[in-house]
Amino acid sequence: MNRTVIGAALGECVHVAGVLSFLRLAQEAGWRTVFLGPATPAAAVVAAAEREGAELVGVSYRLTAETGERLLGEFAEAADELRQRGVRFVFGGTPPVAERARALGFFERVYDGSEPPAALLSYLRGQEPQAEGEAVYPQELVARIRWKAPYPLLRHHFGQPTLAATIAGVERIAASGALDVVSLGTDQDAQEHFFHPERQDRGRTGAGGVPVRSAEDYRQLYAATRCGNYPLMRTYTGTDDLMRLAELYVETIHIAWPAVPILWFNDMDGRGPWPLDDSIRQHLALIRWYATRGIPVEVNEPHHWGLRDAHDAVCVASAYLSAHIARACGVRDYVAALMFNSPPLLSDRMDLAKVLAMLDMAEDLASPGFRVWRQTRTGLLSYPQDDRAARAHLAASVYLQMAVQPDIVHVVAHSEAHHAATADEVIEACVMAQRAIENALNGQPDMTVDSDVQARRRELREDGMRIVTAIRQLGKQVAGDPLLDAATLAEAVRLGLLDAPHLAGSRYARGAVVTGVDERGACVALEPGVGRPLAEAERLARLL
């Protein structure tokens, strides 16, 4: 039989929302729960604890602090015999009443509403540290996801223009307990020229992130996470010396998982030094390297297409390619990257349909040896500069993301359209995201069953697989799997099977596709010079 916890609002207090929330979390943690209701006399709580054989008693009071102090003193006196017999007591209330409750020294835990639900859930699961400062927070991605469920992990990029400011900010973020994964944002020289000081440009030091220049710098940054809720750390894959960087990341920051592209971060997009074909080969080798070490891998291919205004079918096809390649390279735990609001003008209906189709592509490949973990995020380019509007957009986007039940929510701060988030802004953004998540978990309607969403989802699955089939046909002479062949994938880009308007002028890509948002709010390919939607089957037939 499950352990029993009872909950009640004491005295004349009729506010029971907090008590019921506490009991819902207790059920999630495996407890048998008994709700005694509002305005419950102390003697009735004690009697119920005896009758039900309770191991834990949760009481609340949300009225005047002075009255609450007297009432809690009387309750502690009435229940002291139970406490001496091993029954545990917790209190929840407003901050002024909670302060008085702490002073009594009777309650094992006192909560004032400022704590994240995950902290209370950890307590109810018996996962809290047994000694102050002890790190009991799981330090591997999959274990951390399971430990925090049903709440998703929160991840956020962070990197300031100086090492000292970034270290101080990481420590402040960790101490707040607001974030589960610090994604370290490094500057371009750290990504491309870390092992080549002679190629570094002092004039752009700190541009785009923290100027990490040594292994010791990374160790200091990781050490800053060793407080609060001991967040995991990860960072950019880099654009040159990929294997050497991977070894460095594993050794210094214990990288939780990398995000590896397939077709990006090279000479095609100006983000790295390598030609497209060579870059593809290196990225596939890097995925295999991480896979052999049992480290989860994210292939962040789809949203790079979306950020460049590719139509939805290309994003869905790239979601299949990403999962297929990861599985073929031996990845056991795959992080599916699901970016919403990209491009920004998508309607919520069509945005959700697109992400569901992308998720289908990955999860159709799932097996006991290939587990798919869902990671959602808000598209950076969708943020307005007005701070008030940006805050609303953050909350609305995260609430929509919860429709696909993510394991990780990559929070993008409300400030990012204006400037890279400070530590305080990261914490603030995570608090807003957490509230939207809590609202969703408390009874969000199922938006995925909408008929328009489902119709578009089916349409995108079909169109995405048309592109994948065309790429396979393109590489039919390849001895092995065409989807793992760098030359075939590069040719798919050159021909325009995978294409985006932002690639116009590229010497590697066709860059000729015209896209736009139709009356449904879906991003589609358009007939050049005409503007009518162009069916994917017709688009591919013309290219081939």
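Residues numbered from 1 in each chain as written. Predicted model: local features only at pLDDT ≥ 70, side-chain atom pairs only at ≥ 80, totals over all residues. Heavy atoms only, no water.

### Overview of the overall build of the chain
In step 1: Across its full length, the chain holds 19 helices and 14 strands.
In step 2: Its C-alpha radius of gyration of 26 Å places the chain within 12% of the 24 Å reference for a compact globule of 544 residues.
In step 3: Its C-alpha atoms give the chain principal-axis dimensions of roughly 80 × 55 × 45 Å.
In step 4: Residue burial in the chain is summarised as follows: out of 544 residues, 57% are buried. (Helix = DSSP H or I, 4+ residues; strand = E, 2+ residues; numbered from the N terminus. Rg over C-alpha atoms; globule rule 2.2 N^0.38 Å. Buried < 20%, exposed > 50% of the residue type's maximum accessible area, 1.4 Å probe, protein only.)

### As for the packing of aromatic side chains
Note on aromatic pairs: each is described by the distance of the centres and the angle between the planes.
In step 1: Under the definition given, this model contains 15 aromatic pairs.
In step 2: Ring centres of Phe91 and Phe107 lie 5.7 Å apart, and the angle between their planes is 45 degrees; this geometry places the pair in the tilted category. Here Phe107 lies in the loop between helix H4 (95-104) and strand E5 (109-111) and Phe91 lies in strand E4 (residues 88-93), a separation of 16 residues in the sequence. This pair shows no difference in class: Phe91 is buried, exactly as Phe107 is. (Phe/Tyr/Trp six-rings, centres within 6.5 Å; stacked < 30°, edge-to-face > 60°.)

### A few points about the pattern of salt bridges
In step 1: For the structure shown, the criterion picks out 45 salt bridges.
In step 2: For the salt bridge of Asp360 with Arg461, the shortest nitrogen-to-oxygen distance reads 3.4 Å. With a gap of 101 residues between them, Asp360 in helix H14 (residues 348-363) and Arg461 in helix H17 (residues 451-474) connect regions that are remote in the sequence.
In step 3: Since its relative accessible area comes to 31%, Arg461 is described here as partly exposed. (Salt bridge = Lys/Arg side-chain N within 4 Å of Asp/Glu carboxyl O.)

### Some details on the pairing of strand E11 (residues 371-378)
Residues in a regular strand project their side chains so that they alternate between the two faces of the sheet.
In step 1: The buried count for E11 comes to 7 of 8 residues, which makes it a mostly enclosed element.
In step 2: Relative to E11, strand E10 (residues 333-340) runs parallel, the two sharing 8 bridges. Note that in E11 the partner of Phe340 across the bridge is Thr378.
In step 3: Note on the crossover from E10 through H14 to E11: the handedness is right-handed.
In step 4: Relative to strand E12 (residues 408-410), E11 runs parallel, the two sharing 3 bridges. The residue bridging Arg377 from the neighbouring strand is His410, located in E12. (Pairing = 2+ DSSP bridges. Right-handed = clockwise from strand over helix to strand, strands pointing away.)

### Topic: the packing of helix H9 (residues 215-223) against helix H10 (residues 242-252)
In step 1: Here H9 crosses H10 at 40 degrees, and the two axes come no closer than 9 Å. Classed by the angle they form, the pair H9 and H10 counts as oblique. As for how H9 packs across H10, the hand of that crossing is right-handed. Along its contact with H9, which presents Ala215, Tyr218, Arg219 and Tyr222, the element H10 presents Leu248, Tyr249, Glu251 and Thr252.
In step 2: Here the contact of H9 with H10 is built from residues that sort into 5 nonpolar, 1 polar and 2 charged. (Axes fitted to C-alpha atoms, helices over the stretch in contact; angles between N-to-C directions. Parallel < 35°, antiparallel > 145°, perpendicular 65-115°, else oblique. Left-handed = near helix turned anticlockwise from the far one by under 90°. Contact = heavy atoms within 4.5 Å. Nonpolar A, V, L, I, M, F, W, Y, C, P; charged D, E, K, R; others polar.)

### Thoughts on the pairing of strand E1 (residues 4-10)
In step 1: Burial analysis of E1 places 7 of its 7 residues in the buried class, which makes it a mostly covered element.
In step 2: Burial along E1 is two-sided: Thr4, Ile6, Ala8 and Leu10 and Val5, Gly7 and Ala9, pointing in opposite directions, are all buried.
In step 3: Pairing geometry for E1 and strand E2 (residues 32-40), over 6 bridges, is parallel. The partner of Ala8 across the bridge, within E2, is Gly37.
In step 4: Since E1 and E2 lie parallel, the crossover through helix H1 (residues 17-28) that links them has a hand, and here it is right-handed.
In step 5: Bridge analysis of E1 against strand E3 (residues 56-61) gives 5 bridges, and the strand direction is parallel. Note on E3: the bridge partner recorded for Ala8 is Val59.

### Thoughts on H4
In step 1: Taken as a whole, H4 has its buried residues at Val97, Ala98 and Ala101. With its buried residues spanning 100 degrees around the axis, H4 presents them on a single face. For H4, the exposed residues lying more than 90 degrees away from the buried face are Glu99 and Ala103.
In step 2: Among the structural elements, E3, helix H3 (65-84), E4 and E5 are those in contact with the buried residues of H4.
In step 3: The positive-phi residue at the C-terminal boundary of H4 is Gly105, with phi of around 70 degrees. (Arc of directions from axis to C-beta.)

### Side note on the environment of Ile295
In step 1: The topology assignment puts Ile295 in the loop between helix H11 (276-292) and strand E9 (297-298).
In step 2: Along the backbone, Ile295 and Ile408 are 113 residues apart, and their C-alpha atoms lie at a distance of 16 Å.
In step 3: In this view, Ile295 contacts Val250, Ile255, Ala256, Trp257, Pro258 and Tyr290; residues no more than four positions away in its chain are not counted.

### Concerning the sheet that holds E1
In step 1: The parallel open sheet is built from 5 strands, whose spatial order is E2-E1-E3-E4-E5. Each edge of the open sheet is held by one strand with a lone partner, namely E2 and E5. Ignoring strand direction, the axes of neighbouring strands in this sheet form an average angle of 15 degrees.
In step 2: Note: E4 against E5, 3 bridges, orientation parallel. Looking at E5, one finds that Val90 is bridged to Arg109.
In step 3: The strands touched by H1 are E1, E2, E3 and E4; relative to E1, the strand with the most contacts, the crossing angle is about 175 degrees.
In step 4: The sheet strands contacting helix H5 (residues 117-124) are E3, E4 and E5, and the helix crosses E5 at an angle near 160 degrees.

Functional significance is not addressed by these values, which are geometric in nature.
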